[in-house]
Every structure is written in structure tokens, then in C-alpha cells.
Amino acid sequence: MKLSIAGTTRTPNTNPRALRRSGRIPATVYGHKGAESTAISLDGKETIALLRQAKVNNTMIDLSVSDGDFKGVAILREVQMHPYKNDIYHLSFFAIGSQSSVEVDIPLHFTGVPVGVKVGGGSVEVLMNQIKVSCPPNSIPESLEVDITNLNVGKGIHVGDIALPEGVTLVGDATPLVVNIMAGRNKG
């Protein structure tokens, strides 16, 4: 899924609270000029609409800064929210156009009804609902399907057992369990 949003540059002495009061959201783009970042502001309503569909570390976004030096593809890296007002405080974008590979979190979708649930009376215990992978920016999978049909009671699937598309590699440890079939409780 690819989304888009436009922004404008903001000066370093701009007060973020005043910016938010005027209906704009402060944000930062980094990764396109080495260690330097660009301070921008986004329209509040467009940002809320974007966040309804975008996922942190997963969704590619066409970001253009109309009066600045950036126009390209970025990933939403961080969303800072007010602790109790549910207001957006700040967004961080990472430019991926110049990157040969990026690390992203990919959601897992479990398919099938396990044998251990149908026949053995067990229950499915999901321990992880996403995994971190490295891949080229133009081939980020939206999700990964994990077939759990053949799992029996006491069996599970480890991170390293998940089939990854070509060009996608696992980041981190391959041994943690992702899903497990637990024995059902005896009625007594």
C-alpha cells in the first residue's frame, strides 16, 4: 500500500505548540542527506487521514516538501502522541529512495484451523504478530501468511520457519516461537 502527503519546511525557531494550534503537525524527514534531517510541517487533517491507513515501519509514503529539498518515498518511523488527549505531537519519516535495503516490521496473518484444535481440543496461542525483516524498499511485503493447519497440540512455529519472499531476509533471532498450540483444559 502506497500513500502520499505533502508538507512545507519549517524554520528551527518555529514554536511546535503554535504550529499545532494553527492546524499543522510538526514532522522530520531524515535519511536523505546523510546525518542531516529536514524539519517540516504537515496539514493536520491530511495527517490524521494518513495515520488511519499507514503503519509505523511498514507503509511506503510518497512525501513531498513543496518549498524544500525532499520529494520521494519515505517510511513512517515514529508517531508521537499526547499522553491522554490523543493529539498527534510529531511524526518522523525515513527517506528510503536512496537506500539499498530497509528494516521493516511485517504483520503476520495466520491461516487454517490447526489439527490440534479440531481434533485435540487445544487452543491457539499467538506469541508474535509481526517480525522484523530487511528488504529492498520497492519489495516490502504488506503481510506474511503463516499456515497453521498442520500444527498439533504442543507444536509451534518458530520465526525461522516462516517462508519469506525472495530478497527478504529475517533480522534478529530465528528461534523464538511465533505461534503455539496449547493443550485444552480437562473438565473435572
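Everything in this summary refers to the structure shown in the same document. Since we're looking at a predicted model, the values are computed, not measured. (Residues numbered from 1 in each chain as written. Predicted model: local features only at pLDDT ≥ 70, side-chain atom pairs only at ≥ 80, totals over all residues. Heavy atoms only, no water.)

1. Re the overall build of the protein
Moving on, step 1. For the protein, the count of helices and strands is 3 helices and 13 strands.
Moving on, step 2. The C-alpha radius of gyration of the protein comes to 21 Å, more than 25% above the 16 Å expected for a compact globule of 188 residues.
Moving on, step 3. In the protein, the proportion of contacts linking residues at least 24 apart, taken out of those at least 6 apart, comes to 63%.
Moving on, step 4. Of the accessible surface of the protein, which amounts to about 10,700 Å², a share of 49% is contributed by carbon and sulfur atoms.
Moving on, step 5. Considering the protein, the positive charge centre built from 18 side chains and the negative charge centre built from 17 side chains are found 9 Å apart. (Helix = DSSP H or I, 4+ residues; strand = E, 2+ residues; numbered from the N terminus. Rg over C-alpha atoms; globule rule 2.2 N^0.38 Å. Contact = heavy atoms within 4.5 Å. Areas by Shrake-Rupley, 256 points an atom, 1.4 Å probe, with all protein chains shown as cover. Lys, Arg positive; Asp, Glu negative; His and termini not counted. Charge placed at Lys NZ, Arg CZ, Asp CG, Glu CD.)

2. Quick word on the sheet that holds strand β11 (residues 156-158)
Backbone-to-backbone hydrogen bonds join strands into a sheet, with any given pair of strands oriented parallel or antiparallel.
Moving on, step 1. Strand order in the open sheet made by the 3 strands is β8-β13-β11, with antiparallel pairing throughout. Both edges of this open sheet fall to β8 (123-126) and β11, since each of them pairs with a single strand only. If you compare each strand with its neighbour and ignore which way they point, the axes differ by 15 degrees on average.
Moving on, step 2. Of the pairings in the sheet, the one linking β8 to strand β13 (residues 177-182) comprises 4 bridges and is antiparallel in character. Among the inter-strand pairings, Val124 is bridged to a residue of β13, identified as Ile181. (Pairing = 2+ DSSP bridges. Axes fitted to C-alpha atoms, helices over the stretch in contact; angles between N-to-C directions.)

3. Topic: the sheet that holds strand β10 (residues 144-147)
Moving on, step 1. The strand order across the open sheet formed by 4 strands is β10-β7-β9-β12, and the pairing between neighbours is mixed. The sheet terminates laterally at β10 and β12 (169-170), the two strands that pair on one side only.
Moving on, step 2. As defined by bridge partners, strand β7 (residues 102-111) adjoins β10 across 4 bridges and the pair is classed as parallel. Within β10, the residue paired with Thr111 across the bridge is Asp147.

4. Topic: the side chain of Thr47
Moving on, step 1. Along the polypeptide, Thr47 turns up in helix α2 (residues 44-53).
Moving on, step 2. At 2.7 Å, the side chain of Thr47 forms a polar contact with the backbone oxygen of Asp43.
Moving on, step 3. Sequence-distant contacts of Thr47, defined by excluding residues within four places in its chain, comprise Ile5, Ile25, Leu42, Ile88 and Leu91. (Polar contact = N/O pair within 3.5 Å; in protein donor to acceptor, adjacent residues only side chain to side chain.)

5. Digging into the nonpolar core
Moving on, step 1. Counting residues in each nonpolar core, the largest one holds 24 residues, and the members touching the most others are Val104, Ile140 and Ile162.
Moving on, step 2. Mapped by element, the contributors of at least two residues to this core are β5 (71-81), β7, β9 (130-135), β10 and β13.
Moving on, step 3. Among the elements that take part in this core, β7 stands out by supplying 4 residues, more than any other.
Moving on, step 4. Core analysis: the next-biggest nonpolar cluster, separate from the first, contains 19 residues, Ile5, Val29, Leu42 and Ile61 among them. (Core = buried A, V, L, I, M, F, W, Y, C linked by side-chain atoms within 4.5 Å. Buried < 20%, exposed > 50% of the residue type's maximum accessible area, 1.4 Å probe, protein only.)

It is worth stressing that arrangement in space is one thing and function is another; only the former is reported here.
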